[in-house]
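# Notes for the structure review
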Amino acid sequence: MSAVFAYDDVIFDFCDVLVDWRPRRAVAGLFPDDVLDRLFDRDDPYGFWHYDELSDLGWDEERILADYAEHHGVGGDEARRAIVGGNGVSGESDVSDESDVAVRLRAFATYFRRQRLALAGMLPGMARLLRDLDAAGVRCWGLTNFTVKYVDAARELFPALDVLKGVVVSSAERIHKPDPEIYRRAIARFGVDPTHAAFVDDKQRNADAAAAAVSGLTGIRFVGEETLRPLLLP
């Protein structure tokens, strides 16, 4: 007798579910720690995390860097030099003729040039889980607040992601989770029966939003492969 699985289709978030994304890793060691601390300061209303959300909504890198420069008072030639400058600084002499914020702008531009390095790997056990689901005939998909550039890089770096039959990416849709519309688009585009499907996300609000947006769809909060596996495979 063949096994009966809880779901015919499982839709996965990318960051902190499938992929270990560490943005600071892309520029670590290239700039002084205090520069990176300020760039990645979550209390800065116009810092990295603000623009990360806008990137997920489809803003391109040029627009983000220009907006960052404007909000932080870097203009003209100083901004242009920072954006097109080299990858990192080697010592105090490299930043002596730049303002602190211009160095942060340069770090941000360097991040975009090296952002593939932020993809540290897949989360423990998730490559095997994807392959096991695929082998069992459970279809796997992706739905992520991310950029198409990042998703393409992740699929190139991590072959296990080839199991995904399709991915809906927020930057292409110009909306992101937990907007109900993005879940509806994913279900329609994938052509899955939501009553036999689950969506897995590391944020409870996104898992709950999926279940609320699409009748019958199960939202699962991801805390690790060891707890997710028994929910998906007998």
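This text gives an overview of the structure that appears in the document. (Residues numbered from 1 in each chain as written. Predicted model: local features only at pLDDT ≥ 70, side-chain atom pairs only at ≥ 80, totals over all residues. Heavy atoms only, no water.)

Looking now at unusual backbone geometry. Geometrically, the link from Lys-177 to Pro-178 is a cis peptide bond, its omega value of 10° lying close to zero. Positionally, Pro-178 belongs in the loop between α9 (170-173) and α10 (180-190). Within the chain, Asp-16 stands out as a residue other than glycine whose phi angle is a positive 65°. Along the polypeptide, Asp-16 turns up in the loop between β1 (9-12) and β2 (19-21). Of note in the backbone geometry, Arg-174 takes a positive phi value of approximately 65° without being a glycine. Of the residues examined, Arg-174 reaches a relative accessible area of 56% and is grouped as exposed. (Helix = DSSP H or I, 4+ residues; strand = E, 2+ residues; numbered from the N terminus. Buried < 20%, exposed > 50% of the residue type's maximum accessible area, 1.4 Å probe, protein only.)

Once that is clear, we can look at the pairing of β1. Two faces, one strand: in a regular strand the side chains alternate between the faces of the sheet. Here β1 shows a buried face lined by Asp-9 and Ile-11 and a second buried face lined by Val-10 and Phe-12. Note: β1 against strand β4 (residues 139-144), 4 bridges, orientation parallel. Each bridged residue has a counterpart across the sheet, and for Val-10 the counterpart in β4 is Cys-140. (Pairing = 2+ DSSP bridges.)

The 5 strands are arranged β5-β4-β1-β6-β7 in an open sheet whose pairing can be described as parallel. Edge positions in the sheet fall to β5 (167-169) and β7 (218-221), since each has one partner strand and no second. Recorded for the sheet is a direction-independent mean angle of 20° between the axes of neighbouring strands. Here 4 bridges tie β1 to strand β6 (residues 197-201), and the two strands are oriented parallel to one another. By the bridge assignment for β6, Val-10 is matched with Ala-198. (Axes fitted to C-alpha atoms, helices over the stretch in contact; angles between N-to-C directions.)

Its place among the elements puts Asp-201 in strand β6. A polar contact of 2.7 Å, which involves the side chain of Asp-201, links it to the side chain of Lys-177. Within the local environment of Asp-201, its side chain forms a polar contact with the side chain of Asn-206, the two groups lying 3.4 Å apart. Leaving out residues up to four positions away in the same chain, Asp-201 has contacts with Asp-13, Val-17, Lys-177, Asn-206, Ala-207, Ile-220, Arg-221 and Phe-222. (Polar contact = N/O pair within 3.5 Å; in protein donor to acceptor, adjacent residues only side chain to side chain. Contact = heavy atoms within 4.5 Å.)

The residue Asp-179 is located in the loop between α9 and α10 in this model. Considering only alpha carbons, one finds Asp-179 and Ala-109, 70 residues apart in sequence, at a separation of 29 Å.

Ranked by internal contacts, the top residues of the largest apolar core, which has 66 residues, are Phe-12, Leu-18, Phe-108, Met-126 and Leu-161. For this core, the element with the highest residue contribution is helix α6 (residues 100-113), accounting for 9 residues. Those residues in contact with Met-126, other than ones at most four positions away along the chain, are Phe-12, Val-17, Leu-18, Phe-222, Glu-225 and Leu-228. Counting residues in each nonpolar core, the second largest holds 18 residues, with Ile-182, Ile-187, Ala-197 and Ala-210 among its members. (Core = buried A, V, L, I, M, F, W, Y, C linked by side-chain atoms within 4.5 Å.)

A few words on the pattern of salt bridges. Side chains carrying opposite charge are able to pair once their charged atoms draw close together. Counted according to the given criterion, the structure contains 18 salt bridges. Residue Asp-132 is joined to Arg-229 by a salt bridge in which the shortest nitrogen-to-oxygen separation is 3.0 Å. Of this pair, Asp-132 sits in helix α7 (residues 126-135) while Arg-229 is found in helix α12 (residues 225-232), placing the two residues 97 residues apart along the sequence. Residue Asp-132 is classed as partly exposed on the basis of its relative accessible area of 26%. (Salt bridge = Lys/Arg side-chain N within 4 Å of Asp/Glu carboxyl O.)

This part is about the packing of helix α3 (residues 61-71) against α6. Relative to each other, α3 and α6 sit at 170°, their axes nearing to 10 Å. Viewed along their axes, α3 and α6 adopt a mutual orientation that is roughly antiparallel. Residues Glu-61, Ile-64, Leu-65, Tyr-68 and Ala-69 of α3 pack against Arg-104, Leu-105, Phe-108, Ala-109 and Phe-112 of α6. Across the contact of α3 with α6, the residue classes tally to 8 nonpolar, no polar and 2 charged. (Parallel < 35°, antiparallel > 145°, perpendicular 65-115°, else oblique. Nonpolar A, V, L, I, M, F, W, Y, C, P; charged D, E, K, R; others polar.)

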